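So the chains spell out like this:
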Amino acid sequence: MNAAIEETHEVLNQVPPLDGYDAYGADPWLRAAVRRAGAEWIDNAAHALGTYVGSPEAQHHATLANRYTPELYTHDRTGARIDTVEFHPSYHVLMNRALSAGLHSLAWKREAGGFSGRAALFYVWNQLEQGTSCPVTMTFASVPMFDQAPDLARTWRSRVLADAYDPRPAPVSQKAGATIGMAMTEKQGGSDLRAVQTVATRDGGTWRLTGHKWFCSAPMSDGFFTLARGEEGVSCFFIPRSLPDGTRNPFLLQRLKDKVGNRSNASSEVEFRDTAAWPVGEPGRGIATLINMAHHTRFDIVVAVASMMRAALNQALHHAHHRSAFGKRLVEHPLMANVLADLALEAEAATLLAFRLARAFDHAKSDPAERELQRALTPVAKYWLCKRMTATAVEAMECLGGNGYVEEGALARLFREAPLNGIWEGSANVICLDALRALARSPEAFAALEKEVAEARDAKLDERMRAVRACLADPATAETRARWILESLALAIQGALMRRHADAAAAEAFVSSRIGNSGGRAFGALESTAAELAALVQRARLET
Ligand SMILES: Cc1cc2nc3c(=O)[nH]c(=O)nc-3n(C[C@H](O)[C@H](O)[C@H](O)COP(=O)(O)OP(=O)(O)OC[C@H]3O[C@@H](n4cnc5c(N)ncnc54)[C@H](O)[C@@H]3O)c2cc1C
């Protein structure tokens, strides 16, 4: 071969893939969060899952599942309706791994630390692939819904809690495990569910639903919680996709959404036509009934987003340690160190917040203050972490330069996934208004947040809480300032958690840049010295 041609094929200064590591074992923040929660019982499972998540094999499955996206088959060869979605085999491999690890079930099986231990697994998983997280989360969040429908619980609960993936379309009694979805959003509105148009009519012991749902993710799930308008108003119902006699319940998939991201997961539009359904909870109180499920999916979103921030940071750190420009590695340039350090503060504070929330869920049954904290903090954390996720993904992508913007890299998928969690299960404004209502209903909820902040003994944080209290006291301004209120609450709690659990320099940089007047609106404007920035970057690195 011609020597000149050979030279152009020598690859220089490109970064090796970040793989071959244990995403749990290598992450000191995550291990510390698990220890703090007393959930070390998860260690073995978390190391096993973390090693899988860090493996080239798993990462290849994630790539394939997102490149070869699900396909809808509405009819078979003879014209009969089948309403089936086919996935790439890699999607099934990942679903199988996620469900057999108990990502959907562990929190409900373990009395002490179940939410925290399971959150550790979910945090690890979301660094790999998020299209599988949607059915996992909905199945996880469906469990308390069955408590409101004891007849359904008898058949479904054990199948939902089984750590098995069984994608066959079959009656639940014949399945090794079942997954659950939720279908609320209609064409005319998703936030304002009072506008639901689907109609429910009584048919002996069951009901028949006729109408449509404009978004219905994971449509191959075995059953769905949904809303329909009956005699008493909007009520909650459960729809099994297969009926006990083995026939398929009418569940007419119209098309799949062509989504920006989350592409391995199918999201459909569906029509119900005399679809058999069973009532759940009190008739006419369907929205209140479903809030229980939404509360748990919102919790999961918090954990998932903290994990995705960690994943974005890991890619940025890895790249900056390997890639050189202007004579030294990117990480050695003080301005790049500032960007990386700032991203690290964001991801660490997000992780602390997610696991503090998990701990509140763990203790909610036995401790009223933790119950209040869990109620108030869930929408606050969901709002703020989702807002920060998009900024984090964009900045991390930029750390990789042009390589960040190509589909072969991990950041492109994270970038496209980033806005989704802010939209579903309550878009930002709706979440803010929900949080205000919760705070207005229960003075104990605000007191629980105040107590959490006060434990850090930080004057700046206390002052911000006083300003929030004053703003909440005036209902005329509270709604218009709801985003500021939630942002302030999230930052104050994150600041307090950083003060109590992070290294002192990291906590100081976080509080002064997020609550004080230093720092900037973009990442990378911390006022720390070059040496301090280098230390912040160093402590954020995975221990591979
Ligand atoms: C990928 C994906 C998957 C999804 N999967 C599902 C699913 O499986 N099941 C399901 O039921 N839904 C699903 N959804 C739908 C999602 O939950 C809704 O899109 C969401 O609830 C918002 O509803 P909407 O789209 O009707 O927007 P709208 O309700 O029209 O809201 C539009 C905007 O107005 C704001 N807004 C609304 N009310 C107020 C107010 N009072 N004050 C100020 N601002 C307000 C909202 O915050 C939002 O920003 C999915 C969505 C996506 C993108």
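Residues numbered from 1 in each chain as written. Predicted model: local features only at pLDDT ≥ 70, side-chain atom pairs only at ≥ 80, totals over all residues. Heavy atoms only, no water.

*Asks:* I tried to follow the environment of Ala391 on my own but got confused; where do I start?
*Replies:* Along the polypeptide, Ala391 turns up in helix H12 (residues 368-399). Here Ala391 falls in the partly exposed class, since its relative accessible area comes to 30%. As a C-alpha pair, Ala391 and Ala522 span 131 residues in sequence and 8.5 Å in three-dimensional space. (Helix = DSSP H or I, 4+ residues; strand = E, 2+ residues; numbered from the N terminus. Buried < 20%, exposed > 50% of the residue type's maximum accessible area, 1.4 Å probe, protein only.)

*Asks:* Honestly, the site of the ligand in this entry has me stumped. Any pointers?
*Replies:* Around the ligand, the surrounding shell holds 20 residues, and the nearest of these are Met184, Thr185, Gly190, Ser191 and Ser217. The side chain of Thr185 places a nitrogen or oxygen atom 2.8 Å from a nitrogen atom of the ligand. Contacts to the ligand include Ser217, whose side-chain N or O atom sits 2.8 Å from a nitrogen atom. Here the ligand, which alone exposes 980 Å², has 66% of that area covered by the protein. (Near = heavy atom within 4 Å. Polar contact = N/O pair within 3.5 Å; in protein donor to acceptor, adjacent residues only side chain to side chain. Areas by Shrake-Rupley, 256 points an atom, 1.4 Å probe, with all protein chains shown as cover.)

*Asks:* It is not clear to me how the pattern of salt bridges should be interpreted in this structure. Could you clarify?
*Replies:* Side chains that differ in sign of charge can pair as their charged atoms come close. Scanning the entire structure with this criterion turns up 35 salt bridges. When the shortest N-O distance is used, the salt bridge between Lys109 and Asp163 registers 3.1 Å. Of this pair, Lys109 sits in helix H6 (residues 106-109) while Asp163 sits in the loop between helix H9 (150-161) and strand E3 (180-183), and the two are 54 residues apart along the sequence. Judged by relative accessible area, which is 31%, Asp163 ranks as partly exposed. Two residues, Glu271 and Arg273, come together in a salt bridge whose shortest N-O distance is 3.7 Å. We classify Glu271 as partly exposed; its relative accessible area is 25%. Among the charged side chains, a salt-bridge network with shared partners connects Arg356, Glu370, Lys451, Glu452, Glu455 and Arg500. (Salt bridge = Lys/Arg side-chain N within 4 Å of Asp/Glu carboxyl O.)

*Asks:* Help me understand helix H8 (residues 133-146) in this model?
*Replies:* What sets the pattern is the α-helix's 3.6 residues per turn: residues three or four places apart point alike. Taking 1.5 Å per residue, 14 residues should reach 20 Å; H8 reaches 21 Å between its end C-alpha atoms and fits that length. Judged by how many residues are buried, H8 sits mostly within the fold: 14 of 14 residues are covered. (Expected span 1.5 Å × (residues − 1).)

*Asks:* What is the right way to read the packing of aromatic side chains from this model?
*Replies:* For any pair of aromatic rings, geometry is given as the distance between the ring centres together with the angle between the planes. Tallied over the full model, the rule gives 19 aromatic pairs. Relative to Trp156, the ring of Phe146 lies with its centre 6.5 Å away and its plane at 10°, an arrangement referred to as stacked. With Phe146 in helix H8 and Trp156 in helix H9, the pair connects residues that are 10 residues apart, well separated along the chain. Among the residues examined, Phe146 registers a relative accessible area of 1% and is labelled buried. (Phe/Tyr/Trp six-rings, centres within 6.5 Å; stacked < 30°, edge-to-face > 60°.)

*Asks:* Quick question: what am I supposed to make of unusual backbone geometry here?
*Replies:* For residues other than glycine, phi is negative in most cases, and the peptide bonds are mostly trans. Although it is not a glycine, Asn262 sits at a positive phi angle of roughly 55°. Classification of Asn262 by relative accessible area gives buried; the value is 7%. Not every positive phi belongs to a glycine, and Glu425 is a case in point at roughly 60°. One can find Glu425 in the loop between helix H14 (420-423) and helix H15 (428-441).

*Asks:* Looking at this structure, I do not really get the pairing of strand E5 (residues 206-217). What am I missing?
*Replies:* Consecutive side chains of a regular strand alternate in pointing toward one face of the sheet and then the other. Pairing analysis gives five bridges linking strand E4 (residues 199-203) to E5, with the strands arranged antiparallel. In the strand pairing of E5, Val199 is matched with Thr210. Hairpin connection, E4 to E5: the antiparallel pair is bridged by two residues, and Gly204 has positive phi, about 65°. Of the strand pairs in this sheet, E5 and strand E9 (residues 267-280) are connected by eight bridges, and their pairing is antiparallel. In the strand pairing of E9, Lys213 is matched with Val270. (Pairing = 2+ DSSP bridges.)

*Asks:* I keep staring at a nonpolar patch on the surface and nothing clicks. Help me out?
*Replies:* Where nonpolar side chains cluster on the molecular surface, the patch consists of Val394, Tyr405 and Phe415 and spans about 310 Å² of accessible area. Position of Phe415 among the secondary structure elements: in helix H13 (residues 410-417). With a relative accessible area of 32%, Phe415 lands in the partly exposed category. (Patch = residues over 30% accessible without salt bridge, like charges linked within 9 Å, V, L, I, M, F, W, Y side chains within 5 Å.)

*Asks:* Can you walk me through the packing of helix H7 (residues 114-125) against helix H11 (residues 334-363) in this structure?
*Replies:* A pair of packed helices is captured by two measures, namely the crossing angle of their axes and the spacing between those axes. The contact between H7 and H11 brings their axes to 7 Å, and the two run at 145°. Along its contact with H7, which presents Gly114, Phe115, Ser116, Ala119, Ala120 and Tyr123, the element H11 presents Thr351, Phe355, Ala358, Arg359, Phe361 and Asp362. A breakdown of the residues in the contact of H7 with H11 according to their chemical character gives seven nonpolar, three polar and two charged. (Axes fitted to C-alpha atoms, helices over the stretch in contact; angles between N-to-C directions. Contact = heavy atoms within 4.5 Å. Nonpolar A, V, L, I, M, F, W, Y, C, P; charged D, E, K, R; others polar.)

*Asks:* Help me out: how do you make sense of the side chain of Arg464 in this one?
*Replies:* Within the secondary structure layout, Arg464 lies in helix H17 (residues 459-472). At 5.5 Å, Glu487 is the nearest oppositely charged side chain to Arg464, a buried residue that forms no salt bridge. Discounting residues that sit within four places of it in the chain, Arg464 has contacts with Trp484, Ser488, Arg514 and Ile515. (Lys, Arg positive; Asp, Glu negative; His and termini not counted.)

Limitation: the analysis is restricted to geometry and does not speak to function.
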